[in-house]
Amino acid sequence: MSAGSDNPEVVKQRPGRLLRYSEDMRTLFFAGAYFAATAAAWRVDWSQRSWAEVCCTCGLLTLMAFQGCVTVHNCAHCPPFVSSTLNSWWFLVISVWNGASATAYIPGHNLGHHKYLQSRQDVIRTSKVDHSYQLFNLLSYFPRIYPAIYKNDMAYFEAQRELGRPVYEQFRMDTAAVLTFYAVLGVLNFKSFFWIVLIPQVVGKDMIVTLNLLQHDGCDPEHDVNHSRNFTGPILNYFVFNNGYHAIHHMMPGKHWSQLKRLHDTKVAPVNHPSLDHPNILRYLFVTFVLPTPRTNYDGTPYVNPGIHGELGPDKPWHYSQDSLNATGSDPRQQREVSGFGEARDQGEAPALFGKGDASGHGAKAKADDATGVWFGARPTPAGELRP
């Protein structure tokens, strides 16, 4: 049975097989396209080109850098390769594509945002921006929350360093790869580096973080399905690897991106609020953030900060020394019930980051239903199959 078969829960083990899902050939293609486009742009003498050409090239590379950010998101939840070694090396590649450590996506996103959606432990909660004109919220969101993201990540990795866990070593390697890439290109030609690499990657990160505002603002983090807004356009989802199907991703954060449309159509679309599925993200952006539209909740009621079941107040630290790498669902109440500090114990039995198990180097033994996917490897079943 191929990785793209009708039953995505079981993938046949084949000799020499590299990818857990064949759909990740698309990911590899766009990774290659980004580096090829960057190399081609680097060879151009931009002093002889018009500002229009510079801006168009920078814009295209920004969209491709945004794809890198989406890829980091996907791989932080569901690594693409069967081999843990290949996944570790792949994280170096997508760190360079993204312009920051791919491993750094784990604490703030997987362990904070997913486990504690819109609560004080979620450092990217949308209640942090509260301008009357929505466009100001859109533009100020990333600079408003970035310092909290950085502080949260450093607290997590310091705790992991003190515990001697492999996740910290991968973070160091990722960071070294990015800094080396930046240093070499900056020395060779700083102006080209600034316009071709740095600006597109910074804006790409702004886009992936600010997307959270579109996906969750005014939603109910404690509802079974109405916690997230979905953007269902087929063209968008082709280029962003089904990232538009966000509710099902929060419900099953370890599922591979290629499964999300099918799961959205069967588990979310029949029961979620009709206002939460949008076929055109550009129209939603224009109506919600450009027009002087009042900020509302998903059900049309007026938005009052911090929103439905949100929390006001300063960021609240969570259990930075936990050894899990993924969430098990979306409801922040459930995470608090699983353990007081948010340590998810139901991660599935599988090799994890760097081929060690979970963040601590232990193979986690828990559920076998694969709600959270596999960490940097694949679990052999008694039948000799791989269960992603």
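Going by the structure above, here's the rest.
As the structure is a prediction and not an experimental result, all values here were calculated from the model. (Residues numbered from 1 in each chain as written. Predicted model: local features only at pLDDT ≥ 70, side-chain atom pairs only at ≥ 80, totals over all residues. Heavy atoms only, no water.)

Looking at the secondary structure, you find His113 in helix 4 (residues 105–113). The spatial distance from the C-alpha of His113 to the C-alpha of Arg125 is 7.7 Å, given a sequence separation of 12 residues. When sequence neighbours within four positions are dropped, the list of residues in contact with His113 reads Gly108, Asp122, Ile124, Asn212, His216 and His250. A distance of 3.4 Å separates a polar atom in the side chain of His113 from a polar atom in the side chain of Asn212. Polar side-chain contacts of His113 include one of 3.3 Å to the side chain of His216. (Helix = DSSP H or I, 4+ residues; strand = E, 2+ residues; numbered from the N terminus. Contact = heavy atoms within 4.5 Å. Polar contact = N/O pair within 3.5 Å; in protein donor to acceptor, adjacent residues only side chain to side chain.)

Here we take up the packing of helix 1 (residues 24–42) against helix 2 (residues 51–77). Put simply, helix 1 and helix 2 touch, their axes get as near as 10 Å, and they point 145° apart. In terms of crossing hand, the pair formed by helix 1 and helix 2 is left-handed. Along the contact surface, helix 1 presents Thr27, Phe30, Ala33, Tyr34, Ala37, Thr38 and Ala41, while helix 2 presents Thr57, Leu61, Met64, Ala65, Gln67 and Thr71. Counted by class, the contact of helix 1 with helix 2 contains eight nonpolar, five polar and no charged residues. (Axes fitted to C-alpha atoms, helices over the stretch in contact; angles between N-to-C directions. Left-handed = near helix turned anticlockwise from the far one by under 90°. Nonpolar A, V, L, I, M, F, W, Y, C, P; charged D, E, K, R; others polar.)

Let us look at a nonpolar patch on the surface. Residues Ile235, Tyr238 and Phe239 make up a contiguous nonpolar surface patch of about 330 Å² in total accessible area. Assignment of secondary structure puts Tyr238 in helix 8 (residues 234–239). Relative accessible area serves as the criterion here: at 40%, Tyr238 is assigned to the partly exposed category. (Patch = residues over 30% accessible without salt bridge, like charges linked within 9 Å, V, L, I, M, F, W, Y side chains within 5 Å. Areas by Shrake-Rupley, 256 points an atom, 1.4 Å probe, with all protein chains shown as cover. Salt bridge = Lys/Arg side-chain N within 4 Å of Asp/Glu carboxyl O. Buried < 20%, exposed > 50% of the residue type's maximum accessible area, 1.4 Å probe, protein only.)

A few words now on empty space enclosed by the protein. Remark: the empty space left among the atoms is shown by a probe the size of a water molecule rolled over them. Tallying each qualifying case throughout the model produces four cavities of 30 Å³ or more. Of the volumes computed, that of the largest cavity is approximately 100 Å³. Elements that contribute at least two residues to the lining of the largest cavity include exactly helix 1 and helix 2. Sort the elements by how many residues they give to the lining of the largest cavity and helix 2 lands first, with five residues. (1 Å grid on protein atoms, 1.4 Å probe; cavity = no way out; pocket = protein on both sides within 12 Å on 5 of 7 lines; lining within 4 Å. Points joined across faces, edges and corners; volume = space filled by probe spheres on them.)

Between helix 7 (residues 190–216) and helix 11 (residues 281–290), the least distance of the axes is 12 Å, while the angle of their chain directions is 80°. Relative to helix 11, helix 7 is oriented roughly perpendicular. In contact with Leu211, Leu213 and Leu214 of helix 7, helix 11 contributes Ile281, Tyr284, Leu285 and Phe289. Looking at the contact of helix 7 with helix 11, its residues break down into seven nonpolar, no polar and no charged. (Parallel < 35°, antiparallel > 145°, perpendicular 65-115°, else oblique.)

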